[in-house]
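Architecture at a glance
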Amino acid sequence: MKNWTGERLETFVYNKNTIDHLHRYSIATNYILDKVVLDIACGEGYGSNLMSKSAKFVYGVDIDSETIANAKIKYVKSNLNFQTGSADNIPIPDASIDVVVSYETIEHHDKHDEMMLEIKRVLKSDGILIISTPDKLFYTDKRNYINEFHVKELYKNEFFDLVASRFTNIQILNQLFVNGNSIIYPDSNDNLDVYKGDYFNIGSYEVNPLYLIIIASDIHTTPQWISVFDGSKVFSMDDDKIAEIYKSKSYIIGDFILKPFKVLKKIFK
């Protein structure tokens, strides 16, 4: 496995982060049929590749040249092109893109205004932006959690105001993860009730939406309503991966060598 920090999502990862990301790309498919799409900060390219199945053409752009070089080898399609570039200096011509997708990007730098200007530059006049970011209130403040890779996180009102300064038609959505499933729902339905319990006691509990998604344009777009991404397949893939490890020669040999020590540990526990 290559040197992996854990921040970028890679296709050997099967967890809640996988499910949340796949759900975001799922809702993008409602807007990209036969469209020219830009996936800015595309990472290893799995999202660009998924969108290329229905889009007319997809540009995947990322600041890391090694990541882009690997994506060019891994995902080869006639309607898919990977390029090195930053969110504030996108290597795409003016007014050439129908849909810009940018997931978990803006918190990794502080050139937010410059990024929004670049997005407006490359979008056609009737283009659509689909962009997501962690909600600083729930992601950082309430969890007392610091992500070392994040440069400038935004609160919901800051995120909304940033996008609203460039687009006239905006819908903001919340995303949360519950019991193996990702849920995306409109902001007007902010308090989503989640219950748990057993035969003896039931009740609601607070589940905070860690992520915000905005769909923005200067034209009217069909609103996104509540949607659910079933994560069972992702988790079953993780089980398959673990089973494959148990069957590997290295694991079998290692287990054989360590077995006497495991027995001794049980005896003298």
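Our structure's up above, just so we're on the same page.
Residues numbered from 1 in each chain as written. Predicted model: local features only at pLDDT ≥ 70, side-chain atom pairs only at ≥ 80, totals over all residues. Heavy atoms only, no water.

1. Things to note about the pattern of salt bridges
Summed over all chains, the structure comprises 10 salt bridges. Its salt-bridge partner being Lys142, residue Glu206 comes within 3.9 Å of it at the nearest N-O pair. Highlighted residues: Glu206 in the loop between β9 (202-205) and β10 (211-217) and Lys142 in the loop between α5 (136-141) and α6 (156-164), separated in sequence by 64 residues. Considered together, Glu206 and Lys142 belong to a single accessibility category, that of exposed residues. The shortest N-O distance in the salt bridge between Asp187 and Lys156 comes to 2.7 Å. With Asp187 in the loop between β7 (181-186) and β8 (194-197) and Lys156 in helix α6, this residue pair connects regions lying 31 residues apart in the sequence. The exposure class assigned to Asp187 is partly exposed, which follows from its relative accessible area of 22%. Overall, the relative accessible area of 21% leaves Lys156 in the partly exposed class. (Salt bridge = Lys/Arg side-chain N within 4 Å of Asp/Glu carboxyl O. Helix = DSSP H or I, 4+ residues; strand = E, 2+ residues; numbered from the N terminus. Buried < 20%, exposed > 50% of the residue type's maximum accessible area, 1.4 Å probe, protein only.)

2. Overview of the layout of surface pockets
In this structure, the second largest pocket encloses a volume near 250 Å³. Lining the second largest pocket are 14 residues; nearest its centre among them are Thr11, Tyr14, Thr18, Leu22 and Met237. Listing elements by their share of the lining of the second largest pocket, those giving two or more residues are α1 (16-28), α2 (46-51) and α7 (232-247). A class-by-class count of the residues in the lining of the second largest pocket yields nine nonpolar, three polar and two charged. (1 Å grid on protein atoms, 1.4 Å probe; cavity = no way out; pocket = protein on both sides within 12 Å on 5 of 7 lines; lining within 4 Å. Points joined across faces, edges and corners; volume = space filled by probe spheres on them. Nonpolar A, V, L, I, M, F, W, Y, C, P; charged D, E, K, R; others polar.)

3. A word on the pairing of strand β4 (residues 97-103)
Burial of β4 is extensive: seven of the seven residues sit out of reach of the surface. Across three bridges, strand β1 (residues 36-40) lies against β4 in parallel orientation. From the neighbouring strand, Val37 faces β4, where its bridge partner is Val99. Strand direction decides the pairing type here: β4 and strand β5 (residues 123-134), joined by six bridges, are parallel. Directly across from Val100, in β5, lies its bridge partner Leu129. One crossover worth recording links β4 to the parallel β5 by way of helix α4 (residues 112-122), and it is right-handed. (Pairing = 2+ DSSP bridges. Right-handed = clockwise from strand over helix to strand, strands pointing away.)

4. A few points about the nonpolar core
If you look at the biggest cluster of nonpolar residues, it comprises 31 residues, and the most contacted ones within it are Val37, Met51, Phe82, Val99, Val101, Tyr103 and Ile130. Elements with a minimum of two residues in this core: α1, α2, α3 (65-74), β3 (80-84), β4, β5 and β10. Of the residues forming this core, the biggest block, five residues, is contributed by α1. Tyr103 has contacts with Arg24, Tyr25, Ile27, Ala28, Ile130 and Ser132, leaving out every residue within four places of it along the chain. Within the second largest apolar cluster, 26 residues are counted, among which are Val36, Ile92, Ile97 and Met115. (Core = buried A, V, L, I, M, F, W, Y, C linked by side-chain atoms within 4.5 Å. Contact = heavy atoms within 4.5 Å.)

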